[in-house]
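Examination of the molecular architecture
Letter by letter, the chains look like this.
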Amino acid sequence: MSILEKLSCLNEVNLIWNSLPQARLVGGVVRDLLIGNDIADVDMATPEPPEQIMKTLKNAGISVIPTGLSHGTVTAIINHHPYEITTLRKDVATDGRHAQVVWTNSWEEDAARRDFTINAMFCDREGKIWDFYNGKQDLFSGKIRFVGNAKERIEEDVLRSLRFFRFYARYGKQILDEDAVTAIQQTTYLLKNLSAERVWSELKRVLTGPMTADIMQMMDHYGVLSALLPFGYDVSFFTKMIQMDAPNHPILRLAGLVTGEGNVISKQLRLSRQEEQRLYALQKTWNIHSQDNDIQLRQLRALFDLELLIYCSWMKQLRNDQPSSEWDRWRERLAAIEQPVFPVKGKDLFQYNVKPGVEMGEALSQIKQWWLQHGCYGDQQECLEWFKNNKEKRIDINYLIFGDKWFK
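For clarity, every value in this text was computed on a predicted model and none was experimentally measured.

1. Here we look at the pattern of salt bridges
Evaluated as defined, the whole model comprises 19 salt bridges. Among the salt bridges present, the one from R273 reaches E276, with a minimum N-O distance of 3.4 Å. With R273 and E276 both in helix α16 (residues 273–283) and three residues apart, the pair spans about one turn of that helix. One salt-bridge network, held together by shared partners, links R153, E156 and R160.

2. Here's the deal with the packing of aromatic side chains
What the rule picks out here adds up to 13 aromatic pairs. An angle of 55 degrees between the planes, with centres 6.2 Å apart, marks the rings of F116 and F164 as tilted. Placement of F116 in the loop between α5 (107–112) and β8 (121–123) and of F164 in helix α8 (residues 160–171) is noted, with a sequence separation of 48 residues between them. We classify F116 as buried; its relative accessible area is 0%. Among the aromatic residues, those joined into a ring-pair cluster are F116, F146, F164, F165, F167 and Y171. Its end group placed over the ring of W107, R24 keeps NZ or CZ at 4.0 Å from the ring centre. Above the ring of Y377, the side-chain terminus of R298 is found at 4.0 Å from the ring centroid.

3. Re helix α20 (residues 358–373)
Taking 1.5 Å of rise per residue, 16 residues should cover 22 Å, and α20 covers 22 Å from first to last C-alpha, within 8% of that figure. Looking at the buried residues of α20, the elements they touch are α17 (294–303) and α21 (380–390). Once α20 finishes, G375 follows within two positions and takes phi at roughly 80 degrees, a positive value.

4. Thoughts on the nonpolar core
Buried together is how nonpolar side chains tend to be arranged in soluble globular proteins. If you look at the biggest cluster of nonpolar residues, it comprises 119 residues, and the most contacted ones within it are L25, F164, F165, M219, L254 and L349. Among the elements that line this core, the one with the most residues is helix α18 (residues 306–320), at eight residues. In this structure L25 touches L7, V13, W17, V30, L33, V42, D43, M44, M121, F122 and C123, once residues within four positions along its chain are discounted.

5. Examining the packing of α8 against helix α10 (residues 196–207)
Here α8 crosses α10 at 15 degrees, and the two axes come no closer than 10 Å. By the angle between their axes, α8 is roughly parallel relative to α10. The way α8 lies across α10 gives a crossing that is left-handed. Each of L162, R163 and R166 in α8 lies in contact with α10, whose residues at this interface are V199, E202, L203, R205 and V206.

6. Topic: unusual backbone geometry
The backbone phi angle of N134 is positive, close to 60 degrees, even though this residue is not glycine. In this model, M211 sits at a positive phi of 55 degrees, which is unusual for a non-glycine residue. Among the secondary structure elements, M211 is positioned in the loop between α10 and α11 (212–221). Judged by its relative accessible area of 34%, M211 falls in the partly exposed class.

7. Focus: the pairing of strand β4 (residues 73–78)
The side chains of a regular strand alternate between both faces of the sheet. For β4, a buried count of five out of six residues is recorded, marking the element as mostly surrounded by other parts of the structure. Bridge count between strand β3 (residues 63–68) and β4: four bridges; the pairing is antiparallel. When the bridges of β4 are listed, V64 appears paired with A76. Hairpin connection between β3 and β4: a loop of four residues separates the two successive antiparallel strands, and G72 in this loop has a positive phi of roughly 80 degrees. Here six bridges tie β4 to strand β5 (residues 81–87), and the two strands are oriented antiparallel to one another. Across the sheet, the residue bridging to A76 is Y83, located in β5. Linking two consecutive strands that pair antiparallel, namely β4 and β5, is a turn of two residues; a positive phi of about 50 degrees is found at N79 within it.

8. As for the sheet that holds β3
Each strand in a sheet pairs with another by means of backbone hydrogen bonds, the pair being arranged parallel or else antiparallel. Spatial strand order, β3-β4-β5-β2-β1-β8-β9: seven strands in an open sheet with mixed pairing. The open sheet terminates on both sides in strands that have one partner only, identified here as β3 and β9 (129–131). Strand-to-strand twist across the sheet, computed as the mean angle between neighbouring axes with direction ignored, equals 30 degrees. Two strands pair when backbone bridges link them, and strand β2 (residues 43–46) and β5 are joined in this way by four bridges, in the parallel orientation. Bridge pairing in β5 links T46 to T87. Packed onto the sheet, helix α2 (residues 11–19) meets β1 (24–26), β2, β4, β5 and β8 and runs at close to 35 degrees relative to β5.

9. Thoughts on α11
Considered for burial, the residues of α11 that qualify are T212, A213, I215, M216, M218 and M219. Tucked inside the fold, the buried residues of α11 contact α8, α10, α12 (224–228), α13 (235–243) and α14 (250–257). Directly beyond the C-terminal end of α11, a positive phi value near 85 degrees is found at G223.

10. A closer look at the side chain of R31
Mapped onto the secondary structure, R31 falls in helix α3 (residues 28–35). Put simply, R31 is tucked away with no salt bridge, and the nearest opposite charge, on D32, sits 5.3 Å away. Dropping the residues within four chain positions of it, R31 is found in contact with I118, N119, M121, L139, F167, R170 and Y171.

Cut-offs and rules
- Residues numbered from 1 in each chain as written.
- Predicted model: local features only at pLDDT ≥ 70, side-chain atom pairs only at ≥ 80, totals over all residues.
- Heavy atoms only, no water.
- Salt bridge = Lys/Arg side-chain N within 4 Å of Asp/Glu carboxyl O.
- Helix = DSSP H or I, 4+ residues; strand = E, 2+ residues; numbered from the N terminus.
- Phe/Tyr/Trp six-rings, centres within 6.5 Å; stacked < 30°, edge-to-face > 60°.
- Buried < 20%, exposed > 50% of the residue type's maximum accessible area, 1.4 Å probe, protein only.
- Lys NZ or Arg CZ within 6 Å of the ring centre and 35° of its normal.
- Expected span 1.5 Å × (residues − 1).
- Contact = heavy atoms within 4.5 Å.
- Core = buried A, V, L, I, M, F, W, Y, C linked by side-chain atoms within 4.5 Å.
- Axes fitted to C-alpha atoms, helices over the stretch in contact; angles between N-to-C directions.
- Parallel < 35°, antiparallel > 145°, perpendicular 65-115°, else oblique.
- Left-handed = near helix turned anticlockwise from the far one by under 90°.
- Pairing = 2+ DSSP bridges.
- Lys, Arg positive; Asp, Glu negative; His and termini not counted.

What follows is the structure, encoded as structure tokens:
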């Protein structure tokens, strides 16, 4: 299928072209059209200023949001799908993170401010590819090359050093471009200026992308990892994780890469609260074993998220260098267990004159401990019967959820 035939299938984009006939597709969508990938996101560029773009689209009945007017970007919403449209720009000042831009009518000037040649191509409505920096040739030959002077491009936005490795993982077929890696090595000191959010956003895409073990070794070799992860990392352990085919999850892979304290890493990368908690759990040494019996698995299944347990088992397996077959069976057995749900609630204890607050919390903990010790099989009636007969007794609370039972 020709590019023009592919474009004819993009009905929603054609609605935009009806209003903005000068607009051209740009970036990833052009790459996808050229190499036959499925099209995910559609970005467009056009000479009209953003206020005019918004007015024109609204007059055509298209919903449009001013997502980044200072950078010339608006987003058209058609059938709940976003289409980012940006006015042609050129940079007038950069600080390594942000750029001050002015509008331009020159497609070549706009292409000149982009990062890689394979991202600097445009495609018009007739299917013509506008390629000022031989991006098409680089795409098909597998060469990831900065537009113009590599060092200047990185100094404009040092995040491009990370993006270089991510794009190489997806499209690279040749050895690394010498100009690119030289520039990356010369500018690693700028990486400290990046916001934590931008670093983590890009890093997790590398961690979960193709060739990730090779890419991490490259980033280590060229000084990028040491600049990004000053709290410590272990590429060899990470490589072993990939070789053993552990699940492709960003926090699991981060846990396999970093060696620092979880709270330091979380602060450095601005992880979400959920991500921080998961990393903290994965860094612990769990007292689980591939020979755990069914009762122990039921207890684990009742207390912890299944996905977390699976990931923790991978960390345990990797740290102890144990055979996959034993842990694969452990994970199969664990996943086959329907999560037991503790059947007693606070209101169920009113009949025993248990007061709300500390007394009720302790009572529920006692009942849950008995329930856990007996394999999580007891129903509500059995739990309450036990409590009625044993409410004056106390079980060793050290055995409870976060005691020595689960963590060494």
